[in-house]
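So you can see what is in the structure, the chains are spelled out below.
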Amino acid sequence: MSDPFELSDDPPFEPLAPRPAAPAAPTAPPVWVEKLNPEQRQAVETTEGPVLVLSGAGTGKTRVLTTRVGWILLQRRARPWQVLAVTFTNRAAREMRERVMQLIGPSAEAVWLGTFHALSVRILRRNAELVGLKSNFTILDSDDQIRLLKQIMEAESIDSKKWPAQGLMGVIQRWKDRGLTPDKVGGEGGSDYANGRAVAMYKAYQERLKTLNAADFGDLLLHCLTLFQTRPDILEEYQEQFHYVLVDEYQDTNVAQYLWLRLLTQKHRNLCCVGDDDQSIYSWRGAEVGNILRFEKDFPDAKVIRLERNYRSTPTILAAASHLIAHNEGRLGKTLRTGLDGIEQGAPIKVRGVWDGAEEARWLVGEIEALQRAGHPLDQIAILVRAGFQMLEFEERLITTGVPYRVVGGPRFYERLEIRDAVAYLRLIQQPEDDLAFERIINKPKRGLGETTIQKVHILARAQGVSMMEASMRMSETDELRPQARTALAGFARDMERWRSLRETVPPAEIAAQVLEESGYIEMWQKDKSPEAPGRLDNLKEFVSGLDEWENLGGFLDHVSLVMENDANAGEAGVTLMTLHSAKGLEFDTVFMPGWEEDIFPNRRALDESGEKALEEERRLAYVGITRARRRAFISFAANRRVYNQWQSSIPSRFVDELPKENIEQDADQGLYGSRGGGWSGFGESAAARSGAGISRRLGSDYGEFGKTGAWETQERVGANEFRIGDRVFHQKFGYGIVEGIDDSKLDIAFEKAGRKKVLDSFVEPSK
DNA sequence: CGTATATATCTTTTT
DNA sequence: GATATATACG
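On a predicted model such as this, the values are computed, not experimentally measured, just so you know. (Residues numbered from 1 in each chain as written. Chains lettered and ligands numbered in written order. Predicted model: local features only at pLDDT ≥ 70, side-chain atom pairs only at ≥ 80, totals over all residues. Heavy atoms only, no water.)

Trainee: Report on the overall build of chain A, specifying residues and quantitative values.
Mentor: Scanning chain A from terminus to terminus reveals 29 helices and 25 strands. Counting the 768 residues in chain A, one finds 56% classified as buried. Across chain A, the fraction of contacts at a sequence separation of at least 24, relative to all contacts at a separation of at least 6, is 74%. Here chain A has roughly 33700 Å² of accessible surface; of this, 49% comes from carbon and sulfur atoms. (Helix = DSSP H or I, 4+ residues; strand = E, 2+ residues; numbered from the N terminus. Buried < 20%, exposed > 50% of the residue type's maximum accessible area, 1.4 Å probe, protein only. Contact = heavy atoms within 4.5 Å. Areas by Shrake-Rupley, 256 points an atom, 1.4 Å probe, with all protein chains shown as cover.)

Here is the structure:
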């Protein structure tokens, strides 16, 4: 805000204006440095040399980073554009920029601050030619990537059933995450994909990208590395420029990012990385926690600073989180303790078991309404789910109850069909070589250019080595095509040419409006009778008006592919609904974590893929979730859930058992998990201790609909599990089945109708 | 060439 | 249950 050191609006290259202290003398620390605790302050003031800050959840990591930038600038150790600060998400970058500006004023604008990807684009646009691209190259989104790879695999006649393009894309991305260009891939993981042709595919894909003048997400980093490695002179310029480099969420960096950092910091060696191994939740995307360990190896003189004082949560929440994460092995080991003087112990974490998903949503939103009545602001409440599909249930409930909410990271504005079409038009204007954009819109609206015509254009383009746009123009001169198709194609090419010529004189927003109108795209939706058509038209309007702030098309298109914000309902205050992954770095007074069930959380597929390693990562995710809460946390699980169209029975997540008993308050619907006797079977005990402590119950005769509670007759049972392999049993939802396996109170049952499922023994009864 | 109907696969997390 | 691709038909 108003700060004595605030600078004028002068451009970045203006040296810092002389302020209270004389230029040469070290500046006295301002209040915002003095307010820090000793460790934080050390992390801020150790500006020279490599520094590794191990920063637990809620220990003021962002504060340290922003203050450090402010301190460096205030001391005039570097000018704003000589500071490079890398974050992992756009949100973090934005927040950091705002906070630095509060400290030192508008000159913070010139700091190189952004995500790895955004910063790489900035470097690449300047040097595109050196890596075989033109500076107006397109950034492909994941949809384009898959489509392109599919085309290539089809051309190589690879069985798309056996080897889905998605899978190969994953392999390629992992290679890129490790900084491997096609020529550098050895026998590494996945090279046997598609009968060992994966590397060849990768190579073809990269070549195709180059002719399209396009780059995918991984390329942004990869091309930078290539640039730095092939052009030492360019590398040196950047090394020289960046006196100080800071990295947020360091535990989430992959190998390519690590190399990127190491190359850039070799000269000044003032690298400060902030991270927390317990919050590493992106290994599936190539992140290497090992980067933290390697840091001390590569920089033996690195100063390691631990931040362990938590300023966010109640002792109860801290204890629960610490207890849970202690189940992981191979941690660097930090002990979080409260840094808040005189804080109360705080309410226990409420853990609740319910009958099914609908009930869970009803209960959860009911709790939110109660909090609201008690005067808690809704924007201090969050619902954190493991995966996107879990959000629907809560959204519906929030809508019917009228509780305002917003979804973070849900379906994004720019991912909508009509917006992607509109973007494709603009992309083709900006970059005629963008064949993917061409194919997307060539027949939208219908111009009588179908499959066969497009194929012909495609073939000619490949044969002559030109873009499809260029090929279309050539074909409208010849008589290869039916006259109908030929005139349509010529017309489209002419329109495109005209729109392109507008770029010099007309602002982007106007071009977009004109293009969408003249192409007949708007008309297409106006004529459409489907219920979603009006909404799409609204979106298109919003799209055009959103373009207003942009002066050039290129900048806007970068924004679309890199930032992809969902600002649809960003402004409104309400409950926040998001995934655990996107919750990292945020905090709320109250946090709800539904769906703590085996197979959902921890996620089955993750476990299948990477076993124990994945389990630990899932546990870290749980840790991240709990530590988002300042004062209150709620955890819930349902006994039954509808997956696709089928009912599935589920058992509580093992993470529930891993919470410390003394910090939770257990609660379940009547009849569920034996709550009549207070607490459900074996809860809070280890799996071993629980063995044989199952509860059997019999169904009430008048049992009608599912979801009704209280219709159960419960009956505590003593002694060993009464079921044996081979027993015939009955389950209310799945019918009759045979027990095939027993693990504690969990039964593996082959049902006659519903197939094989894992079920808690308390949900089945013996049948003769 | 366009439209209508059937089908398979999807749901892990994101720049 | 929804969406994308495949197939058939007009």
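Trainee: Tell me about the sheet that holds strand E7 (residues 271-275), and name the residues and values.
Mentor: Taken in spatial order, the 6 strands line up as E3-E2-E6-E7-E1-E8 in an open sheet, and their pairing is parallel. Among the strands making up the open sheet, the edge pair consists of strand E3 (112-115) and strand E8 (303-307). Averaged over neighbouring strand pairs, the angle between their axes works out to 15° when direction is ignored. Of the strands in this sheet, strand E1 (51-55) and E8 are in contact with helix H2 (residues 38-45), which crosses E8 at around 145°. Packed onto the sheet, helix H5 (residues 116-127) meets strand E2 (83-87), E3 and strand E6 (244-247) and runs at close to 120° relative to E3. (Pairing = 2+ DSSP bridges. Axes fitted to C-alpha atoms, helices over the stretch in contact; angles between N-to-C directions.)

Trainee: Summarise the packing of H5 against helix H10 (residues 217-230); cite the residues concerned and give the values.
Mentor: Relative to each other, H5 and H10 sit at 55°, their axes nearing to 9 Å. Overall, the two elements H5 and H10 adopt an arrangement that is oblique. You can see that H5 and H10 cross each other, and the crossing is left-handed. Facing H5, whose interface residues are Phe116, His117, Ser120, Val121, Ile123, Leu124 and Asn127, H10 presents Phe217, Asp219, Leu220, Leu221, His223, Cys224, Leu227 and Phe228. Within the contact of H5 with H10, the residues separate by chemical class into 10 nonpolar, 4 polar and 1 charged. (Parallel < 35°, antiparallel > 145°, perpendicular 65-115°, else oblique. Left-handed = near helix turned anticlockwise from the far one by under 90°. Nonpolar A, V, L, I, M, F, W, Y, C, P; charged D, E, K, R; others polar.)

Trainee: Talk me through helix H15 (residues 357-373); I want residue IDs and the actual numbers.
Mentor: Because the α-helix completes a turn every 3.6 residues, residues three or four places apart line up on one side. With 17 residues, H15 should reach 24 Å at 1.5 Å per residue; the first-to-last C-alpha distance of 24 Å fits that figure. Buried residues of H15: Gly357, Glu359, Glu360, Ala361, Trp363, Leu364, Val365, Glu367, Ile368 and Leu371, and no others. Looking at the buried positions of H15, the neighbouring elements they touch are strand E11 (349-356), strand E12 (381-385), helix H16 (391-401), strand E14 (575-579), strand E15 (588-593) and strand E16 (629-643). Looking one or two residues past H15, glycine 375 carries a phi angle of roughly 95°, positive in sign. (Expected span 1.5 Å × (residues − 1).)

Trainee: Residue-level account of the pairing of E16, with values.
Mentor: Counting buried residues along E16, 12 of its 15 residues qualify, which places the element largely inside the surrounding structure. In the sheet, E11 pairs with E16 via 6 bridges, with the strands oriented parallel. The partner of arginine 352 across the bridge, within E16, is serine 636. Pairing analysis gives 5 bridges linking E15 to E16, with the strands arranged parallel. By the bridge assignment, phenylalanine 592 is partnered in E16 with phenylalanine 634. Alignment of E16 against strand E17 (residues 646-649), held across 4 bridges, turns out to be antiparallel. Considered in E17, the bridge of asparagine 640 is made with serine 649.

Trainee: Give a description of the protein's contact with DNA strand B that names residues and reports values.
Mentor: The local shell around DNA strand B holds 27 residues, among which Arg386, Gly388, Phe389, Thr452 and Arg605 are the closest. Taking all atoms of DNA strand B within 4 Å of the protein, the share assigned to sugar and phosphate is 56%. The side chain of arginine 285 places a nitrogen or oxygen atom 3.1 Å from a sugar or linking oxygen of DNA strand B. A distance of 2.6 Å separates a phosphate oxygen of DNA strand B from a polar backbone atom of glycine 388. It is helix H27 (residues 604-626) that contributes the most residues to the surface near DNA strand B, 3 residues altogether. Of the residues contributing to the surface near DNA strand B, the split by class is 8 nonpolar, 13 polar and 6 charged. (Near = heavy atom within 4 Å. Polar contact = N/O pair within 3.5 Å; in protein donor to acceptor, adjacent residues only side chain to side chain.)

Trainee: So what about the pattern of salt bridges? Which residues, and what values?
Mentor: Applying the stated criterion across every chain, the model contains 44 salt bridges. Between arginine 386 and glutamate 618 there is a salt bridge whose closest N-O contact spans 2.8 Å. Of this pair, arginine 386 sits in the loop between E12 and H16 while glutamate 618 sits in helix H27, placing them 232 residues apart in sequence. The pair formed by arginine 386 and glutamate 618 is uniform in burial state, with each residue classed as buried. When salt bridges with common partners are traced through the structure, they connect Lys61, Asp248, Glu249, Asp252 and Lys584 into a single cluster. (Salt bridge = Lys/Arg side-chain N within 4 Å of Asp/Glu carboxyl O.)

Trainee: Provide a residue-level description of H5, including the pertinent values.
Mentor: Along its 12 residues, H5 runs 16 Å from first to last C-alpha, staying within 8% of the 16 Å computed at 1.5 Å per residue. Those residues of H5 not exposed but buried are Phe116, His117, Leu119, Ser120, Val121, Ile123, Leu124 and Asn127.

Trainee: Run through the side chain of aspartate 141, naming residues and quoting values.
Mentor: Structurally, aspartate 141 can be placed in the loop between strand E4 (138-139) and helix H6 (142-155). Engagement of the side chain of aspartate 141 in a polar contact is seen with the backbone nitrogen of aspartate 144, the distance being 2.9 Å. Discounting residues that sit within four places of it in the chain, aspartate 141 has contacts with Arg420 and Arg427.

Trainee: Give a description of the domain arrangement of chain A that names residues and reports values.
Mentor: How big an interface is tends to be reported as the loss of accessible area on association of its parts. Taken domain by domain, chain A holds domain 1 (31-124 + 222-307), domain 2 (138-212) and domain 3 (414-529). Taking only C-alpha atoms, the centre of domain 1 and the centre of domain 2 are 31 Å apart. The partner domain 2 presents 9 residues to the 10 residues of domain 1 that form the contact. Together, the buried faces of domain 1 and domain 2 total about 710 Å²; carbon and sulfur atoms form 63% of this surface. Contact with domain 2 buries surface across domain 1, with Leu222, His223 and Val255 losing the most and accounting together for 49% of the total. Applying the counting criterion to the domain 1 and domain 2 interface returns 0 salt bridges. Between domain 1 and domain 2 we count 3 residue pairs in polar contact (both at pLDDT 80 or more) in total. At the level of secondary structure, the elements contributing two or more residues to the side of domain 1 that touches domain 2 comprise H10 and helix H12 (255-265). Among the elements that make up the side of domain 1 that touches domain 2, the one with the highest residue count is H10 (4 residues). For the side of domain 1 that touches domain 2, the residue count by class is 5 nonpolar, 4 polar and 1 charged. (Domains from an automatic or database assignment. Buried area = accessible area lost by both parts, 1.4 Å probe.)

Trainee: Tell me about the packing of aromatic side chains, residues and numbers included.
Mentor: Within a pair of aromatic rings, the relevant descriptors are the distance that separates the centres and the angle that separates the planes. Evaluated as defined, the whole model comprises 22 aromatic pairs. Measuring from ring centre to ring centre gives 5.3 Å for tryptophan 596 and phenylalanine 601, while their planes differ by 80°; the resulting arrangement is edge-to-face. Accessibility classification places tryptophan 596 together with phenylalanine 601 in one group, the buried group. An aromatic cluster is built from Trp112, Phe228, Tyr238 and Phe242, whose rings are joined through pairwise contacts. Between the NZ or CZ atom of arginine 294 and the centre of the ring of tyrosine 258, over which it lies, the distance is 4.8 Å. (Phe/Tyr/Trp six-rings, centres within 6.5 Å; stacked < 30°, edge-to-face > 60°. Lys NZ or Arg CZ within 6 Å of the ring centre and 35° of its normal.)

Trainee: Describe unusual backbone geometry, naming the residues involved and giving the relevant values.
Mentor: Residues lysine 444 and proline 445 are joined by a peptide bond in cis, for which omega reads 0°. Mapping proline 445 onto the fold places it in the loop between helix H18 (435-441) and helix H19 (451-464). Omega for the bond connecting phenylalanine 601 with proline 602 falls within 30 degrees of zero, at 10°, which places this linkage in the cis form. Its place among the elements puts proline 602 in the loop between E15 and H27. Of note, arginine 76 is a non-glycine position whose phi angle comes to about 60°, a positive value. Structurally, the position occupied by arginine 76 is in the loop between helix H3 (61-74) and E2. If you check the backbone angles, arginine 269 has positive phi at about 60° while not being a glycine. Relative to the elements of secondary structure, arginine 269 occurs in the loop between H12 and E7. We classify arginine 269 as partly exposed; its relative accessible area is 29%.

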